[in-house]
Amino acid sequence: MTATLVAQGVAGGYAHRTLFHDLDLTVAPGDVVGVVGVNGAGKSTLLRMLAGELQPQEGAIHLAPRDAFVGWLPQEHERVEGETVAAYVARRTGCAQATLDMDAAAAALGDPEASGPGAPDPGDLYSAALDRWLASGAADLEERLPAVLAELGLGARVGASVESEGSATAVSADSLMTSLSGGQAARVGLAALLLSRFDIVLLDEPTNDLDLDGLERLETFVQGLRGGVVLVSHDREFLARCVTRVLELDLAQKSNRVFGGGYDAYLEEREIVRQHKRDDYEEFAAKKADLVARARTQREWSSQGVRNAMKKNPDNDKIRRAASTESSEKQAQKVRQMESRIRRLDEVEEPRKEWQLEFTIGEAPRSSAVVATLNAAVARQGDFTLGPVSLQLNAGERVGITGPNGAGKSTLLRLLFGRQQPDSGSAALGASVAIGEIDQARSLFAGASPLADAFEALVPEMTSAEVRTLLAKFGLKADHVTRPCGELSPGERTRAGLALLQARGVNVLVLDEPTNHLDLPAIEQLEQALESYEGALLLVTHDRRMLNTVRLDRRWHVDGGVVREL
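As the structure is a computational prediction, the values presented were derived from the model and not from experiment.

Peer 1: Break down the sheet that holds strand β11 (residues 384-394) for me, with residues and values.
Peer 2: Pairing in this open sheet of three strands is antiparallel, and the strands run β11-β10-β13 from one edge to the other. Both outer strands of the open sheet, β11 and β13 (424-429), are each paired with one neighbouring strand and no more. Adjacent strand axes in the sheet meet at a mean angle of 15°, parallel and antiparallel pairs treated alike. Looking at chain direction, strand β10 (residues 370-381) and β13 are connected through five bridges and run antiparallel. Among the inter-strand pairings, Asn375 is bridged to a residue of β13, identified as Ser426.

Peer 1: Describe the packing of helix α6 (residues 182-195) against helix α7 (residues 212-224), and please don't skip the residues or the numbers.
Peer 2: Interhelical geometry of α6 versus α7 gives an angle of 15° and a closest axis separation of 11 Å. Judged by the inter-axis angle, α6 sits roughly parallel to α7. Where α6 crosses over α7, the handedness of that crossing is left-handed. Where α6 approaches α7, its residues Arg187, Leu190, Leu193 and Leu194 are matched on the opposing element by Asp213, Gly214, Arg217, Leu218 and Phe221. Class assignment of the residues belonging to the contact of α6 with α7 gives a composition of five nonpolar, one polar and three charged.

Peer 1: Give me the side chain of His542: which residues, what numbers.
Peer 2: Along the polypeptide, His542 turns up in the loop between β16 (536-540) and α17 (544-549). Judged by relative accessible area, His542 falls into the buried class, the value being 4%. At 3.1 Å, the side chain of His542 and the backbone oxygen of Leu210 are in polar contact. There is a polar contact of 3.0 Å between the side chain of His542 and the backbone oxygen of Gly403.

Peer 1: Would you mind going over the sheet that holds β16 in detail, with residue names and values included?
Peer 2: A sheet is described by the order of its strands in space; here six strands give the open sequence β14-β15-β16-β12-β17-β18, paired in mixed fashion. Only two strands of the sheet have a single neighbouring strand rather than two, namely β14 (435-438) and β18 (562-565). Each adjacent strand pair in this sheet contributes to an overall mean axis angle of 15°, direction not counted. As paired strands, strand β12 (residues 398-402) and β16 are joined by four bridges and run parallel to one another. Paired with Gly400 across the strands is Leu539, a residue of β16.

What counts, and at which threshold
Every chain's residues receive numbers from 1 upward, in the order its sequence appears when written. For a predicted model such as this one, the threshold for reporting local features is a pLDDT of at least 70, and the threshold for listing and counting side-chain atom pairs is 80 or more; totals across whole chains, interfaces and linings nevertheless cover every residue. With hydrogens and water stripped out, all remaining heavy atoms of the structure feed into the side-chain values. Criterion used throughout: strands pair if DSSP finds at least two bridges between them. By the criteria applied, helices consist of DSSP H or I runs no shorter than four residues and strands consist of E runs no shorter than two, each listed in order from the N terminus. With axes taken as lines fitted to C-alpha atoms, and helix axes fitted only over the stretch in contact, angles between N-to-C directions fall between 0 and 180 degrees. Put simply, angles under 35 degrees are roughly parallel, angles over 145 are roughly antiparallel, angles from 65 to 115 are roughly perpendicular, and the rest are oblique. Helix crossings get a hand from a simple test, with the near helix turned counterclockwise from the far one by less than a right angle marking a left-handed crossing and a clockwise turn marking a right-handed one. Whether two residues touch is decided by their heavy atoms; if any such pair falls within 4.5 Å, the residues are in contact. Each residue gets one of three labels, nonpolar for Ala, Val, Leu, Ile, Met, Phe, Trp, Tyr, Cys and Pro, charged for Asp, Glu, Lys and Arg, and polar for the others, Gly among them. Buried, partly exposed and exposed residues are distinguished by accessible area as a fraction of the type maximum, computed with a 1.4 Å probe on protein chains only: under 20%, between the cut-offs, and over 50%, respectively. Pairing of N or O atoms within 3.5 Å defines a polar contact, subject to two protein rules: one partner must be a possible hydrogen donor and the other a possible acceptor, and residues neighboring in sequence count only if both atoms are side-chain atoms.

Given below as structure tokens:
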């Protein structure tokens, strides 16, 4: 079914705060609209409204036809205790709800007397529910699921946690979602998307935790959809390859705008628009300042003329009054003319500056010349084996690490820095090594402790006031620092991790998927901070633009437990 989604004059936010207003957007078949903006600008809020999960504060959202199938996939992969992969996929594809609705309609059809007077005809309800059930793909979902899981490489093994590779248990439709690693959960989420049959698809951060192969499959899927797509993503290369239009939510200017063309065209046009706004304001401000200065001068001349007339004719009241009156009237007229010109100026509001994440990475004294060494090191975990690996990381070296999920990247990092002993071979860590790390799970900031307390425990040399001041620079204000770490969003935990890097001195920096959950301006700021950082760097990422932007000396590729240098 072809469907069109239209938002007219929509305003959205939470509580009494409005994040955006007067938003107009039409999503027609074949449209791929990328929604961009800083974290907190209302991107996820907008998707929830388009999905019908949240009512707009103002305006209206129309769907044509009204029974079109809209799929909304939130950004985090929910881990419901006891939920199997099959149940998860059924829920994410809408098949589970369609099945429940059809069962309820069938029950009502079988007991027509249960319906009260004036109730809809049970036959019509069943017919509509059956149509939706068939349209959702629920009829053959069970048969289609194993093939897609196998195609995505999920049938080989399942990890015990987000930080481990390898186990003897194969992923199947009956596997529990809570047993999957982060990358595998992301692949199951991708499987749900590939198996879905939505008329309009709403995707919130679909690229998180996907490896390069998963990203390519996602891109192929999105590019091949006939229906409309609205997506939120911080993966710049994914946006550049997929979107046909960009909707920018500008929190600083309290505005929104749709840009035609793809993502790269948006970047160019956005800069032109912003430059025009700055130029317009500067022209207005300069013109207004000139008129105000001239009016002030006219007033001063008027006052000076009266004083001069009185000095020259101190005893002649008639002349003095005439001079005063004539001078005052002429100058007052000029002042009124200036004030009138000022009032007639079209007011141009000064562009507000967006909050920017500006930080540096604290550096410790230089470590030994050799930071870490592996010599024929082998690590085994279940039926998974990494190695033998022989490599050396030197002080100041910048290494990019790539490879599919589950290939052994996290195991390699643990071996390098002494967190896991090799089963054979050897591993050695250099002297005076000060490691700073942002791990994929953002595990430093988890649990029930308030953020401020957890941060202070990691930097005991800082006072409470210093900790709060630092966190505020990273956009973590009073309402964040008192909340339990586990209640913070992934993006907020990532910013806390970046703040810790600034607070601590490090000479070895380990970043494992650092761009996950960061907004686009923050990613650019991180890249700038890495440019000036002089210590050793290990960057694990699937962000293709970051790999091309950040200066790297070497590239290691990990695949199937084998590490090779590119």
